[in-house]
Each structure stands twice: as C-alpha cells, then as structure tokens.
Amino acid sequence: MSAETPSFPNPVPAWDLPSRGKVAMAGLIVAESAIFTIFVVAYLFYLGKSMTGPTPREVLEPPIFYTICLLSSSLTIHLAAKFLARGITFAFLAFWLLTIALGGLFLYGTAQEWQRLIYEHGLTISTNLFGTTYYSLVGLHGFHVTAGLIMLVVVALFGLSGRVGIKQSGRIEVLAMYWHFVDAVWVVVFTLVYVLGR
Amino acid sequence: MSSNVITVSVGQTDAKPWVDELHQWLTTVDHKRLGILYVVSALMFLLIGGVEALVIRVQLMHSHNNFVSPEVFNRMFTMHGTTMIFFVAMPVLFGLANYLIPLMIGARDMAFPRLNAFSFWLSFFGALLLYFSFLGGSGLYGAGNAPDVGWWSYAPLGARAFSPGHSSDYWTLSLLVSGFGSIGTAINIIATILCLRCPGMKLNRMPLFAWLNLVMAGMVLIAITPLSAAQIMLLIDRYLGGHFFDTQAGGSAVLWMHFFWIFGHPEVYVLIIPCFAFMSEIIPVFSRKPIFGYPVMVAATVCIAFVSMSVWAHHMFTIGMNSYANSFFTLTTMAVGVPTGIKIFNWIGTMWGGRIQFKTPMLFSIGFLFQFLIAGLTGIMMAASPFDWQLSLSYFVVAHFHYVIVGGILFALFAAFYYWYPKMTGRMLSEGLGKWHFWLFLIGFHLTFDVMHVPGILGMPRRIYTYEPSRGWDTLNFIISVGAFIQALAILVFVANLIVSYFKGDKAGNDPWDAWTLEWSISSPPAPYNFAMVPTVASRRPLWDEKHPEDPDSRYE
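Residues numbered from 1 in each chain as written. Chains lettered and ligands numbered in written order. Predicted model: local features only at pLDDT ≥ 70, side-chain atom pairs only at ≥ 80, totals over all residues.

Caption draft 1: Main features of the overall build of chain B. Along its length, chain B carries 15 helices and zero strands. Taking 557 residues into account, the globule formula puts the C-alpha radius of gyration at 24 Å, and chain B, at 24 Å, falls close to it. Principal-axis analysis of the C-alpha atoms places the extent of chain B at approximately 70 × 60 × 45 Å. Counting over 557 residues, chain B shows a buried share of 54%. Of all intrachain contacts in chain B linking residues separated by at least 6 positions in sequence, the fraction that spans at least 24 positions is 80%. (Helix = DSSP H or I, 4+ residues; strand = E, 2+ residues; numbered from the N terminus. Rg over C-alpha atoms; globule rule 2.2 N^0.38 Å. Buried ≥ 20, exposed ≤ 12 C-beta atoms within 10 Å, placed from the backbone. Contact = placed C-beta atoms within 7 Å.)

Okay, here's the thing in structure tokens:
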C-alpha cells in the first residue's frame, strides 16, 4: 500500500477508529434519552393537574429494595464484562446470571407495585392524568428492562452452552452499555416520580 | 436457466430471469442498492404527493369551486404534507447519504448493512401503511378514510372523539414506524462515518458531504425521537383511554404542539443540511475551486444544529405564550440566520473568481442559493412575533415554507440528481432535457410561490376549502395554480430524462465532472465491493492529489 503512494509527503500514522458497536449503542442511547425526556417532561408538566384522585402522595411508595436490586445489577454486569475480557468465563457467567436475577427481581417489584395500585387504589392508565403519565413513564422504562433482560437471557443461553468467550467481549460490553443506560434512566425516574414528585 | 431460453441481449452480461433480479433487489443489504431503493420509492411518492398538490390547486383555482368535496380537500392537504416530508424528502436524502457516504470515505459498505435494509423497509412499509388508510381507514365507524387533520394533527383534533375510525391511527402508526427507520439509518450513518473511514481520512479531511450528514444524523437522533414519543402518547390516548392531550381531564392541547414542533422545526434542518451538503460538493466542482472556508462551514453547520433545537415555538406565537417566551423564540430564530448566512457567503466565496461551468447541476445550485436566501428572508420576517401574529396560518406562511422546501431542498436535490446520476447508472442525464427541466421548473416555481405570498398578506388563511368571490383572490389563485401545472410539466420532463438517459444517455466514465472526491475514482456504477484497493488519502481532495502529483493539496494542509 505504501509503495504506490509516493506522492504523499506525510506517511499515514497508525489508523485507529472507534468500535462501530459502541458508537452505534451510544447513538441509540442518545435517541432513547430524547424519548425518555419527552415522557419525563409530560410527567412533570401534569404533576398536580389531575381532575380526580388518587394523587401520587396518596398511593406511591418508593420501591427502595427493588431500586437497590436494579442499580446493583449495573455493578454485576460491569464485573461480568471485565471477567470476560480477561477470559475468565466461569466468573463471567456467574455475574451474568446474577444480573439477570437482579433485573428479574426489579420487574417483579414493578409488577407487585402495579397490582397494588390497580386493585387496592383503583389507579389505571385511564383513571386520571397521574395514572396516564405514571404508567407510561414507568411502563416505558419497564419495557426497556424487559428488552434488556431478553438480550441478557439470550447471551446467558449461549454462555451456558459454552459459546461466549473472550472473542465476544466487545459485544458484551456494548450490551452492558445498554444495561447501564436502563439503570441510569431509573435513577432519573425514581428521583422525579418517587422522591421529588410525591 | 440457460441463456437460450431468453432472447439474446446484445453486449450484456448474463441476463438473469427477472424473478432472480427482483429477489436480489428485495433481499439486498448493499448500501448502493438500498440507496437506489430509497431514491426510487421517494420519487414514486413525489409523484403521488404532487398529484395531491395539483388536486388542491385545481380546487382553489377560482372561488366557489366544486372540484372536490371539503372532506376530500382536507385529506389531500394532510396526505400531501405528510407524504412530502416523511416519504419523499427524508427517504431521498437518506438514500443519497446511503449511496454516497461509504464511497466518499473509502468504505466497503455502511457500518450495519442489515440494519440499513431493515431501516429502509420500515420507512417503505410506513409509507404503505399511510396510503392503506384510503382502503382501511374508515374502520367500523364509516367516518371517512385517509387522515384529514393536517400534517401536525393538533390536539384535540387527533383524539378519538374528533377523529373516529382509523384514519388517525394509520397516520400515527405510519409515522412511528418510519420514525424508527429514521433512527436506525441515523445510527448507521454516524457509525459509518466515525468508524469506517479509510486510512488518512481524518475528520478534518472528510468531504463536507460526510461532515454535514454526520451532523444531520445527530439531529435525527434528538429531533425525530420526540415525535415518536408523542405518537406513542397519542396511541395511549386513542387506545388505552389515556388523557395526555384530553383537555376535559386536565390534559393540554398545547403540550402536543410543543412536542410536535420540538420535532417539527429541527426536522426542517434535518432536511436542509444534507442539501447544504450537496451544495458544498457541487459548487466547488463547477467553480473549479476548492470550497471556501471548510472549517467555518463545519462550525456553522454544528452551530445551526444546536440553535435550531431551541427555536420550535416560533410555530406557536399565536397560541398566546408569555412575552418572555415570545422574545426568546424570536431571538433564537433570528440567530439561526447568522450561521446560515455564513454558509451562503462561503458558497459565493467559492464561486467568486472561479471558472464557473453552467452545467445543469450548477444551474440548480445557483437557483438554490437565490431561493434559499429569499426563503430565509421571509423566515426572518416571520420570526418577529408581532409580524407572525398577523400572518401566521395564512398563505404567506405556506409560501414561505414551500420556498424553503421546493425552492431550497428540491432544487438542491435536482442538482444532486444531475451530478450523481452518472455515478449511479453509468450514463449522463441529457443536458438538453435538463435545461428544459430547469427553466420550466424555475418559471413554474416562481409563478406559484412568489405570487402565493400576496393572498397571504391579503388575509387568505391556509387549509380553506374555498373562498368568496368578493375577496379579490381569484386572479392570484389562478396564477398560482397555473404555476403548479408548469412545475408538474417540468417534473414529467425530469422523469422522462431519468428514463431516457438510463437507456440512451452518453457513457459517463469514472469521472465525468473532473471532480475531487473518492467516489469518482472508481467505475460508474461502482462494483459491489466499491474499492478494489482500500484508498489512502492525504488531503481533502484525494483525486486532485492523484491527478496533480506535482502540486498536491496535501502540501498545503
């Protein structure tokens, strides 16, 4: 290659470009953040504007335990990815399955909370503005957790059949980026819905 | 499938049965084929959207006309707007970006070929979904078919109570689906540009085309997504009994406007920035000079992208915002004019002292410069909120944004077609037909959209089905409609040119325009693998370096 470009005075330095997987995931995260921003804006804009009850103060209880579960799953997936990058597949699998368990626990918590809201307090998506915005925002996040869990489970199945090794480390890191994003969104949702907006 | 079944085709390589050929096109993941699919589907919808525009113009030709019913008229302007923005302008720009970016940065394909195909088919089926509403839209209610609530579907008009049946559902789902396609394409463009550049192509050596499309893709990520979010909310309202935009339950119609225009105004820049990209490639080549002020062009584009995110509410001056909001959005809107003006000066600076060749692409480019400037000037007028209170929702606004979209975007697109058609097909478009196309379209355009400002100032509101003879708008509207038909004629000349030149056009060769970017270094049309050898570049004009080894650009950069 260098032999046929004698006219270029400066030799080309080492050519290093970012990984396309990470760039694409960063792009997806930017796009998803914009979607969540719109739902968060709608939630905040309609706080206290419901014509009928129930209100957030009456019915919402901060799901502290399940929040700790979800946030610690960020740590476990990080460790899993680190172990995979070093080639220790057993530790990777252990932390990966732990991540799935923690994510699953969080979804279970959401399901319980929704059941309580619907059957004890009669709050559905069509009850009032609070119901509409609350279920949409928390539901959108729950949808992203579910999508993430499906991807995690697919990787776990491949991992259990021994097909995930150090070669797949880059892809696992891309998936971990998504999972961190889902957790970060929950920090915002939790703060606004369960702490400030109550 | 031996060749003796088929009549012998002269000089062609092995003739494949058309089913095979079709199968290859439908299952392709090649960025060049997908680019062409985008362009062809967009041209098809351009003709459909154009017919809808003609129906509108015939209806308004004189007062008390009865060409179509009021219901059909509402459907026509809704479908015309939605089609032209989402299924003509976006796909055709994505298609050209798809086709050209890998060629310009010396890559084999886009970063994610299958995502690319997926995005195209999402956008295409989104368009089909919109048009299926003509058949399936009335649903169980028998309440009219195609969507008829305007292309921004203001609340509460889009709610169940006021849009029964399924017409608004088709509109919502179609935009949601094609919006996901747009996000996929934008991610693909960003990943391609950042991760697949050939050795030596640093960011500051990329063709401006790649730079501007990078900015455009970034804007798509932030600007299209609010529309998707708002569509999800509308679906929740319509199907799950939500109250987002239900004023009787405390919801806000104004919030929908904000969400729509947070998408809607940056969308204009999503459409115009790729057109700036065409200009930045075409004007230098036909002025025989390198682009003037490359870094400033990039900076101005990024600046436009930022500022344009904070101007949306200038579409909403008449809803009664407070004076702080009015002042803020007036100022930001006027501020966008500064980087845009810098760009126009840079293009003029490129032409200044050049040996300008008035080929068809350059004619359309010069048309673009003049018309985009005028569109910008009426834009500055509308940006002043007191002025806007007088003329908002009048034909003055319709004239203004058609000046941007037809006079700006469409002219730039025609320039791009004449410039890159030889690369895509290996044949030149006919210069003779091209000049006919240009002059007819120019005359038709100005007849329609220059005159259209006047009834707006006289008080003619947009979206009215007919008007009283005593208003004195008859003659003006007649002239506008005549102009529309001249434009339609010019489009037919263009389509004829595309078809005739495909079979009979002069052979283009690799580099018919003596240009400087990498796509002209390979055969026309390019081989499926693009570059036999991965190119290495050392300046912004790699082909200039190759043609002039005694005086390469790389010596001065």
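Caption draft 2: Fine view of the overall build of chain A. Secondary structure assignment for chain A yields six helices and zero strands. Relative to a compact globule of 198 residues, whose C-alpha radius of gyration would be 16 Å, chain A shows 22 Å and is clearly more extended. Over its C-alpha atoms, taken along the principal directions, chain A stretches across nearly 80 × 45 × 20 Å. Out of the 198 residues belonging to chain A, those deemed buried represent 34%. Sequence separation of at least 24 residues holds for 84% of the intrachain contacts in chain A that already meet a minimum separation of 6.

Caption draft 3: Fine view of the interface of chain A and chain B. Contacts between the two partners involve 33 residues from chain A and, on the opposite side, 38 residues from chain B. Per-element accounting of the side of chain A that touches chain B gives the leading share, 13 residues, to helix 1 (residues 20-45) of chain A. When grouped by side-chain class, the residues that make up the side of chain A that touches chain B number 21 nonpolar, 10 polar and two charged. (Nonpolar A, V, L, I, M, F, W, Y, C, P; charged D, E, K, R; others polar.)

Caption draft 4: Summary view of helix 9 (residues 323-351) of chain B. All names here are of chain B. End to end, helix 9 covers 43 Å across 29 residues, agreeing with the expected 42 Å (1.5 Å per residue, within 8%). On its buried face, helix 9 sits against helix 7 (253-287), helix 8 (294-308), helix 10 (360-383) and helix 11 (385-391). Looking one or two places after helix 9, you find Gly-353, whose phi comes out positive at around 75°. (Expected span 1.5 Å × (residues − 1).)

Caption draft 5: A look at the nonpolar core. Ile-190, Val-220, Ile-409, Ala-412 and Ala-415 of chain B are the most contacted members of the largest nonpolar core, which totals 224 residues. It is helix 12 (residues 395-425) of chain B that contributes the most residues to this core, 23 residues altogether. (Core = buried A, V, L, I, M, F, W, Y, C linked by C-beta atoms within 7 Å.)

Caption draft 6: Looking closely at the confidence of the model for chain A. Within chain A, residue pLDDT values average 93, and 93% of them lie at 70 or more. A low-confidence stretch, residues 1-6 of chain A (pLDDT under 50), is modelled with two contacts involving residues beyond four sequence positions or located in other chains. (pLDDT = per-residue confidence, 0-100.)

Caption draft 7: Just the packing of helix 5 (residues 167-195) of chain B against helix 6 (residues 208-240) of chain B, in detail. Residues and elements named next belong to chain B. With their axes 8 Å apart at the nearest point, helix 5 and helix 6 run at an angle of 155° to one another. Considered as vectors, helix 5 and helix 6 are oriented roughly antiparallel to each other. Of the two elements, helix 5 crosses helix 6, and the hand of that crossing is left-handed. Class assignment for the residues of the contact of helix 5 with helix 6 results in 17 nonpolar, eight polar and two charged. (Axes fitted to C-alpha atoms, helices over the stretch in contact; angles between N-to-C directions. Parallel < 35°, antiparallel > 145°, perpendicular 65-115°, else oblique. Left-handed = near helix turned anticlockwise from the far one by under 90°.)

Caption draft 8: Summary view of helix 3 (residues 70-104) of chain B. All names here are of chain B. With 35 residues, helix 3 extends 49 Å from end C-alpha to end C-alpha; this agrees with the ideal 51 Å at 1.5 Å per step. Of all bends in helix 3, the biggest is about 35°, found at Met-84. Within helix 3, 29 of the 35 residues are buried, which leaves it mostly tucked inside the rest of the structure. Positioned one or two residues after helix 3, Gly-106 has a phi angle of 70°, which is positive. (Bend = angle between axes of the 7 residues up to and from the residue.)

Caption draft 9: Structural view of the environment of Val-155 of chain A. All names here are of chain A. Counting through the fold element by element, Val-155 comes out in helix 5 (residues 129-160). When the C-alpha atoms of Val-155 and Leu-97 are compared, they prove to be 9.9 Å apart, with 58 residues separating the residues in sequence. Residues contacting Val-155, with those up to four places away along its chain left out, are Trp-96, Val-164, Ile-172 and Leu-175.

Caption draft 10: Structural context of unusual backbone geometry. A cis amide bond links Gly-53 of chain A to the next residue, Pro-54 of chain A, at an omega of -5°. Note the cis peptide between Ala-155 of chain B and Pro-156 of chain B, where omega equals 0°. For Pro-156 of chain B, the location among the structural elements is in the loop between helix 4 (113-136) and helix 5. Although it is not a glycine, Ser-153 of chain B adopts a positive phi angle of roughly 45°. Structurally, the position occupied by Ser-153 of chain B is in the loop between helix 4 and helix 5.

Caption draft 11: Looking closely at the packing of helix 1 of chain A against helix 5 of chain B. At a closest axis distance of 9 Å, the pairing of helix 1 of chain A and helix 5 of chain B adopts a crossing angle of 140°. Considered as vectors, helix 1 of chain A and helix 5 of chain B are oriented oblique to each other. Here helix 1 of chain A and helix 5 of chain B pass one another in a crossing that is right-handed. For the pair helix 1 of chain A and helix 5 of chain B, contact is made by Arg-20, Val-23, Ala-24, Gly-27, Leu-28 and Ala-31 of chain A and by Ile-183, Ala-186, Ile-187, Ile-190, Ala-191, Leu-194 and Cys-195 of chain B, respectively. Its residues assigned to classes, the contact of helix 1 of chain A with helix 5 of chain B comprises 11 nonpolar, one polar and one charged.

Caption draft 12: Structural view of the environment of Phe-449 of chain B. All names here are of chain B. Relative to the helices and strands, Phe-449 resides in helix 13 (residues 431-458). On a C-alpha basis, the gap between Phe-449 and Phe-396 in space is 9.3 Å, while along the polypeptide they are 53 residues apart. When neighbours within four sequence positions are excluded, Phe-449 is seen to be in contact with Ala-399, His-402, Tyr-403, Val-406 and Gly-407.

Caption draft 13: Structural view of the confidence of the model for chain B. Residue and element names in this part refer to chain B. Per-residue pLDDT for chain B has a mean of 93; in total, 96% of the residues score no lower than 70. Every residue in residues 1-11 scores below 50 in pLDDT, and together they form five contacts with partners more than four places removed in sequence or on other chains. Scored as a whole, the predicted complex attains pTM 0.94, and scored at its interfaces, ipTM 0.93.

Caption draft 14: Looking closely at the environment of Leu-413 of chain B. Residue and element names in this part refer to chain B. Tracing the backbone shows Leu-413 in helix 12. Accessibility expressed as a C-beta count within 10 Å gives 24 for Leu-413, which makes it buried. Residues Leu-413 and Phe-368, 45 residues apart in the sequence, show an inter-C-alpha distance of 9.6 Å. Leaving out residues up to four positions away in the same chain, Leu-413 has contacts with Val-92 and Cys-275.

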